[in-house]
Amino acid sequence: TGDTAVVDTPEVAPIEEALALKGWKLTHILNTHHHWDHTGGNEELKKRHGCKIVGPKNERERIPGIDVAVGENDVIEVGSFAATVFDTPGHTSGHVVYHFESERKVFVGDTLFAMGCGRLFEGDAPTMWNSVRKIMAMPGDTEVFCAHEYTQANAKFALSVEPDNDELVSRVAEVNAAREAGVPTVPTTVAKELATNPFCRPHSAGLRATIGMSADADDAAVFAETRRRKDNF
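As the structure is a prediction and not an experimental result, all values here were calculated from the model. (Residues numbered from 1 in each chain as written. Predicted model: local features only at pLDDT ≥ 70, side-chain atom pairs only at ≥ 80, totals over all residues. Heavy atoms only, no water.)

Caption draft 1: Inspection of the overall build of the protein chain at higher detail. Looking only at helices and strands, one finds 9 helices and 12 strands in the protein chain. The C-alpha atoms of the protein chain give a radius of gyration of 18 Å, which matches the 17 Å a tight globule of 233 residues would have. Projected onto its principal axes, the C-alpha coordinates of the protein chain cover approximately 55 × 40 × 30 Å. Carbon together with sulfur atoms contributes 50% to the accessible area of the protein chain, which is approximately 10,800 Å² in total. The averaged location of the 35 negative side-chain charges in the protein chain is 2 Å from the averaged location of its 24 positive side-chain charges. (Helix = DSSP H or I, 4+ residues; strand = E, 2+ residues; numbered from the N terminus. Rg over C-alpha atoms; globule rule 2.2 N^0.38 Å. Areas by Shrake-Rupley, 256 points an atom, 1.4 Å probe, with all protein chains shown as cover. Lys, Arg positive; Asp, Glu negative; His and termini not counted. Charge placed at Lys NZ, Arg CZ, Asp CG, Glu CD.)

This is how it looks when you write it as structure tokens:
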């Protein structure tokens, strides 16, 4: 169709290089939230390409150059593909993710990372837990495109709170080997995160034991304590 989208715009040069390599013209920017490392290239890219900027309606005033404001259950079309928008506040108050269901891909910004989740800058733990659950409910083979390569650091924390998780131990070895070889660890998948990400596993008896949470504690409370420990790790 000739439509080309970029999800978030931390800086212009690498995006331009990728476009030139493919011979594509940028038609859409899909912003997940307002932070500068996600919107910093918006206005320059719009000036160069005349692209349409889509972003969260609850952060409309903080998204440079925004044309279309979206929220829960809105649908954005990019060529023949359609993305359903989910509100995922917590990291920021209006954060959204874009789920291309037919393609089994979700672009999650800073809501979820490989073996981690975003800091709670503008929300509380129950809010973020509800947001993470929306991603967890997607099919296991859904590819999760998070916005940062934090996997190796996240893995160290994950091991500290769930050391007896065999799948986690195996995954950490794979991640360390990949990073040693200069290979990215993103995207991940929903299934991998359900098996190894402590922020997707408040139900885990091992995790609860390590962080001193009782068997009858609410999942949101376990999530909150896990996030508190990560902040101080």
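Caption draft 2: Fine view of the sheet that holds strand β6 (residues 81-87). Ordered in space as β5-β6-β7-β8-β11-β12, the 6 strands form an open sheet in which the pairing is mixed. The sheet terminates laterally at β5 (75-78) and β12 (188-189), the two strands that pair on one side only. As defined by bridge partners, β5 adjoins β6 across 4 bridges and the pair is classed as antiparallel. Within β6, the position partnered with Val 75 by the bridge is Thr 84. (Pairing = 2+ DSSP bridges.)

Caption draft 3: Quick look at the nonpolar core. By size, the foremost hydrophobic cluster in this structure holds 27 residues, and its most contacted members are Val 108, Leu 112, Val 132 and Phe 223. For this core, the secondary structure elements donating two or more residues are β8 (105-109), β9 (112-113), α4 (125-136), β11 (143-146), α5 (151-161), α8 (205-211) and α9 (219-231). At 6 residues, α4 tops the list of elements feeding residues into this core. Leu 30, Val 54, Val 78 and Phe 107 belong to the second largest nonpolar core, which has 11 residues in total. (Core = buried A, V, L, I, M, F, W, Y, C linked by side-chain atoms within 4.5 Å. Buried < 20%, exposed > 50% of the residue type's maximum accessible area, 1.4 Å probe, protein only.)

Caption draft 4: Just the sheet that holds strand β4 (residues 68-70), in detail. Taken in spatial order, the 4 strands of this open sheet run β1-β2-β3-β4, and their pairing is parallel. Whereas interior strands pair on both sides, the edge strands pair on one side only; in this sheet they are β1 (5-7) and β4. Between one strand axis and the next, the sheet turns through 20 degrees on average, direction left out of account. The pairing of strand β2 (residues 28-30) with strand β3 (residues 52-56) spans 3 bridges and is parallel. By the bridge assignment, Leu 30 is partnered in β3 with Val 54. (Axes fitted to C-alpha atoms, helices over the stretch in contact; angles between N-to-C directions.)

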